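Observations on the three-dimensional arrangement
Given next are the chains, with one letter for each unit.
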Amino acid sequence: MKMKKYAAFCLALMAMTAVKAEVIVSSPDGRIGVDFDVKDGKPVYSVIYDGQVAIEPSPLGLRTNMGDYTQDLKWDKEKTAKGDYSGNYALASLKEGQDHNFEFKTAIVQLSKNARPVAQENGRPQARRGDRGNNGPVMNIEFRVSNRDVAFRYTVLTQGDTRSCVIREEASTFQVPSNSLTFMAPQSNPMTGFARTAPSYETKFTLGEPVGKNGYGNGYVFPCLFEVPNADKAKALWILVSETGTDGNYVGCRLLGGNGGEYRIGFPQEGELNGWGSTSVQMALPGNTPWRTITIGHTPANIIETTVTWDLVDAKYPASKDYSKDYGKGMWSWIIGMDSSCNFDEQKRYIDFAAAMGYRSLLVDALWDVQIGRERIAELSRYAQSKGVGLYLWYNSNGSWNDAPQSPKGIMNSSRERRKEMKWMQEIGILGIKVDFFGGDKQPVMQLYEDILTDANDFGIMCIFHGCTLPRGWERMFPNYVASEAILASENLHFSQGFCDEEARDCGAMYPFTRNVVGSMDFGGSALNKYYNADNSRGSRRVTSDVYALATAVLFQSPVQHFALAPNNLTDAPEYAIDFMKTVPTKWDEVRFIDGYPGKYIIMARRSGDKWYIAGVNAMEQPIKQTLTLPMLEGGSTINLYMNDEVKPVKVSKKQTVKIEIPTNGGVVIVE
Ligand code: CA
């Protein structure tokens with residue numbers, strides 16, 4: 001090594017060892033520690049799990065139009081506040097619905113701006129441009145740590161008479177170990193895809209790709225999953241990075257970068273919304289940013305079982321009625337029959353089908369306003385209600401932000417128009433709406449989601465979003481919020497044989513580890529048709545088995561599930577499959593990871609009331625043959641085992657084990 005290079009190397013080493021951070025807060029069980037320090041004026045944190053580094057020293061801070069809060073900061077150590085944050089809630093829309101307890105240890109650090117002059121002009125010291133020269137506190141960083149999760153957020157403080165600020169950039173960084181493997185979905189280029197509606201979180205997840213790419217150049221959407229492999233399997237780490245608590249007061253963020261495992265928060269892209277609207281955040285002071293969350297474990301269990309997304313947020317308004325009574329299964333004709341099926345007679349046939357299945361709802365998709373009309377929708381709603389079925393109506397969110405032509409449009413983007421429409425919906429007994437084709441993650445769009453939800457609650461209307469952003473704690477923040485698409489969903493099975501061929505890998509064995517961890521997911525699947533076509537004989541062919549379809553009804557979670565079933569399935573699908581689809585719950589009380597690896601296979605368990613459902617799918621080329629240890633089942637009891645295209649009663653062994661097989665593209669379900 002040349003002398004000069006060596007000296008630089010030593011300096012770098014010294015700088016690294018000089019960041020002698022201290023553990024500022026640990027999890028209740030002491031296994032997770034967060035280090036924090038301000039080094040050379042720059043705030044830095046790191047995260048340790050069982051003595052191993054999960055997040056290496058990573059910068060924090062905000063760049064605002066009041067000043068640069070990523071540097072020239074000092075830590076007012078004596079002001080550090082430590083405490084607890086714990087509580088209990090019950091929310092039937094979540095994967096852990098009932099009587100849910102949470103416990104976090106907390107630390108709030110206060111940062112002040114060093115008032116030292118940093119630039120010289122005409123030989124005289126000048127305050128840095130854009131810096132208001134305040135030497136009081138400018139910002140707090142709050143950490144919360146549970147036994148699974150680390151979360152942090154910023155509070156920007158009022159400064160003198162300044163009570164409004166623009167946040168131009170967030171420097172929050174997540175430096176994962178450089179040997180990490182990634183499972184995450186690239187952010188799309190803005191104004192691409194169908195009718196220039198992207199980004200809407202509809203790209204394929206990476207399958208254990210090394211760090212170092214930046215997606216298509218625009219980073220990755222949340223949540224982002226990392227595996228840190230280790231020769232000693234017990235020391236492997238799984239890390240899920242996401243965010244929660246985002247509403248109209250912020251933008252939806254993503255992860256950028258990836259060089260050597262260094263990912264940082266990115267704001268929306270300038271081109272979103274056809275270029276309209278800023279990429280930055282407008283905030284009233286004092287103001288909080290959303291929470292950045294990091295969930296860690298030695299297996300994916302902590303990831304799949306985490307509830308951090310909801311633990312850290314509060315309801316923004318009380319529910320105007322008990323929406324959970326109307327959660328349940330539903331049907332939609334569009335996934336098999338497309339636009340032409342949105343006519344009165346076909347919707348009536350689907351209402352009869354929904355009633356025959358004992359389902360709660362039917363989603364009437366796009367173009368109902370022209371193909372059925374408002375008067376006959378009222379008639380259809382009356383007919384549906386006479387059969388115990390409620391209707392969801394589809395709307396275009398547009399607006400001006402993309403070219404999506406489907407109507408009804410120009411309603412959900414206007415408070416006056418949508419309140420008038422929602423009043424009508426309330427009068428004719430509509431259960432909910434599905435609003436599609438939103439335009440990116442800029443602050444005005446996040447405000448639009450919040451406004452639609454808030455208005456809909458006034459009229460007792462539930463909301464599903466499609467062609468949309470990731471929900472970020474919304475199940476708890478907005479009581480009438482149901483679910484979002486924000487994923488490559490079942491429509492792609494209709495559109496593409498290639499997508500069908502990889503369904504098990506890209507959906508069934510991937511989404512339970514990633515997208516569905518942090519929010520209810522409107523996938524719209526569990527098809528029992530052989531083909532995605534109304535006559536069930538042509539078009540995209542389903543390559544997954546019938547038991548796979550049943551398994552995903554358990555693996556994919558949303559309190560309202562619109563399944564891709566069709567009336568012909570009453571006669572052409574196996575009886576055991578139809579009977580299962582009649583009884584599978586959509587409300588869950590507990591979730592347990594059993595085994596699996598993203599993109600290869602998953603086996604997990606959900607409890608509804610006192611009944612456990614264990615479900616698995618296999619995307620690997622070789623079949624899975626395993627003896628599962630299932631501590632939730634009673635030894636010696638008899639369960640129903642859905643396997644190899646049949647259902648059989650099987651005895652659980654005394655040691656609480658059950659032998660299973662899952663073929664390629666197949667599934668397994670065990671029901672108590
Ligand atoms: Ca979509």
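Scroll up to find the structure.
The sections below set out a description of the structure shown in this document. Not measured: the values here are computed from a predicted model.

Secondary structure summary: the protein chain contains 16 helices and 39 strands in total. Expected size for 672 residues packed as a compact globule is a radius of gyration near 26 Å; at 26 Å, the protein chain falls within 12% of this value. Taken over the C-alpha atoms alone, the protein chain extends approximately 85 × 60 × 45 Å along its principal axes. Across the 672 residues that make up the protein chain, the buried fraction comes to 62%. For the protein chain, contacts bridging at least 24 residues in sequence account for 72% of all contacts bridging at least 6. Total accessible area on the protein chain is roughly 25,100 Å²; 48% of this is exposed by carbon and sulfur atoms.

A few words now on unusual backbone geometry. The linkage connecting Ala198 with the following residue, Pro199, adopts the cis geometry, with an omega of 5°. Tracing the sequence through the fold places Pro199 in the loop between strand S16 (181-186) and strand S17 (209-210). With an omega of 5°, the peptide bond between Asn398 and Gly399 qualifies as cis. If you trace the backbone, Gly399 turns up in the loop between strand S27 (390-396) and helix H8 (415-428). Unlike most non-glycine residues, Asp99 shows phi in positive territory, near 45°.

For the rest of this paragraph, the subject is helix H7 (residues 374-386). Helix length check: H7, at 13 residues, gives a terminal C-alpha distance of 19 Å against a target of 18 Å (1.5 Å per residue), a fit within 8%. Within the span of H7, buried status applies to Ile377, Ala378, Leu380, Ser381 and Ala384. Burial along H7 is one-sided: seen end-on, the buried residues are contained in an arc of 160°. Turned more than 90 degrees away from the buried face of H7 sit Glu375, Arg382 and Ser386, all of them exposed. Against the buried residues of H7 lie helix H5 (344-357), strand S26 (361-364), helix H6 (368-371), S27 and H8. Where H7 terminates, the next one or two residues include Gly388, which has phi positive at roughly 80°.

Quick look at the sheet that holds strand S5 (residues 62-64) now. Taken in spatial order, the four strands line up as S6-S5-S14-S22 in an open sheet, and their pairing is antiparallel. Each end of this open sheet is capped by a strand with a single partner; those strands are strand S6 (68-69) and strand S22 (281-284). Examined bridge by bridge, S5 and S6 share two bridges and lie antiparallel to one another. The partner of Arg63 across the bridge, within S6, is Asp68.

Attention now moves to the packing of aromatic side chains. How two aromatic rings sit relative to each other is given by the distance of their centres and the angle of their planes. All chains considered together, the criterion is met by 43 aromatic pairs. Ring centres of Tyr359 and Phe563 lie 6.2 Å apart, and the angle between their planes is 55°; on these two criteria the pair is classed as tilted. Here Phe563 lies in strand S31 (residues 560-563) and Tyr359 lies in the loop between H5 and S26, a separation of 204 residues in the sequence. In this structure, Arg376 is placed above the aromatic ring of Phe344, and the distance from its NZ or CZ to the ring centre is 3.8 Å.

Here we come to the coordination of the calcium ion. Listed as protein donors to the calcium ion are Glu202 (OE), Glu485 (OE), Glu485 (OE), Glu491 (OE) and Glu491 (OE); their distances from the metal cover 2.3 to 3.1 Å. Read in sequence order, the donor residues coordinating the calcium ion give the pattern E-x282-E-x5-E. Note that Glu202 is positioned in the loop between S16 and S17 and Glu491 in helix H11 (residues 491-495), a separation of 289 residues in sequence.

Right, let's talk about the layout of surface pockets for a bit. Approximately 510 Å³ is the volume attributed to the largest pocket. If you trace the largest pocket, you find 27 residues lining it, with Phe194, Glu202, Phe437, Glu491 and Phe495 closest to the centre. Put simply, the parts of the chain that give the lining of the largest pocket at least two residues each are strand S28 (432-436) and H11. Top element by residues in the lining of the largest pocket is H11. It accounts for three residues. The class makeup of the residues in the lining of the largest pocket is ten nonpolar, ten polar and seven charged. As a volume, the second largest pocket reaches approximately 390 Å³. Every residue lining the second largest pocket is counted, 22 residues in all, and those nearest its centre are Arg153, Gly245, Asp247, Asn288 and Thr289. Broken down by secondary-structure element, the contributors of at least two residues to the lining of the second largest pocket are S22 and strand S23 (287-288). Counting residues per element, the lining of the second largest pocket draws most heavily on S22, which supplies three residues. Considering only residue class, the lining of the second largest pocket consists of nine nonpolar, eight polar and five charged.

Looking now at empty space enclosed by the protein. Empty space among the atoms becomes apparent when a probe as large as a water molecule is rolled across them. Scanning the model with the defined rule gives four cavities of 30 Å³ or more in all. A volume near 60 Å³ is recorded for the largest cavity. Taken together, Lys95, Ile304, Pro512, Asn516, Val517, Leu555, Gln557, Val591, Met604 and Arg606 form the lining of the largest cavity. In terms of residue class, the lining of the largest cavity is made up of six nonpolar, two polar and two charged.

Before going further, it helps to examine the pattern of salt bridges. By the definition in use, this model includes 38 salt bridges. For Lys420, the salt bridge goes to Glu417, with nearest N and O atoms at 3.6 Å. Remark: Glu417 and Lys420 occur in helix H8; sequence separation between them is three residues, near one turn of the helix. Residues Asp506 and Arg505 are paired through a salt bridge, measuring 3.0 Å at the closest nitrogen-oxygen approach. The buried category is assigned to Asp506, whose relative accessible area is 5%. Linked by salt bridges that have partners in common, Glu96, Glu305, Glu590, Arg592 and Arg607 make up one network.

Further remarks concern the nonpolar core. Side chains that are nonpolar tend, in soluble globular proteins, to be buried together. Counting 191 residues, the largest nonpolar core has Phe36, Phe465 and Tyr511 as the members making the most contacts within it. In terms of residues, this core owes the most to one element, helix H14 (residues 546-555), which gives eight residues. When residues no more than four places from it in sequence are discounted, the contact partners of Tyr511 are Phe205, Ile487, Leu488, Phe499, Asp506, Asn516, Val517, Met521, Phe523 and Phe556. Counting residues in each nonpolar core, the second largest holds 20 residues, with Ala605, Leu630, Ile662 and Val668 among its members.

Rules of the game
- Residues numbered from 1 in each chain as written.
- Predicted model: local features only at pLDDT ≥ 70, side-chain atom pairs only at ≥ 80, totals over all residues.
- Heavy atoms only, no water.
- Helix = DSSP H or I, 4+ residues; strand = E, 2+ residues; numbered from the N terminus.
- Rg over C-alpha atoms; globule rule 2.2 N^0.38 Å.
- Buried < 20%, exposed > 50% of the residue type's maximum accessible area, 1.4 Å probe, protein only.
- Contact = heavy atoms within 4.5 Å.
- Areas by Shrake-Rupley, 256 points an atom, 1.4 Å probe, with all protein chains shown as cover.
- Expected span 1.5 Å × (residues − 1).
- Arc of directions from axis to C-beta.
- Pairing = 2+ DSSP bridges.
- Phe/Tyr/Trp six-rings, centres within 6.5 Å; stacked < 30°, edge-to-face > 60°.
- Lys NZ or Arg CZ within 6 Å of the ring centre and 35° of its normal.
- Donors = N, O, S within 2.8 Å, 3.2 Å for Na, K, Ca; no water.
- 1 Å grid on protein atoms, 1.4 Å probe; cavity = no way out; pocket = protein on both sides within 12 Å on 5 of 7 lines; lining within 4 Å.
- Points joined across faces, edges and corners; volume = space filled by probe spheres on them.
- Nonpolar A, V, L, I, M, F, W, Y, C, P; charged D, E, K, R; others polar.
- Salt bridge = Lys/Arg side-chain N within 4 Å of Asp/Glu carboxyl O.
- Core = buried A, V, L, I, M, F, W, Y, C linked by side-chain atoms within 4.5 Å.

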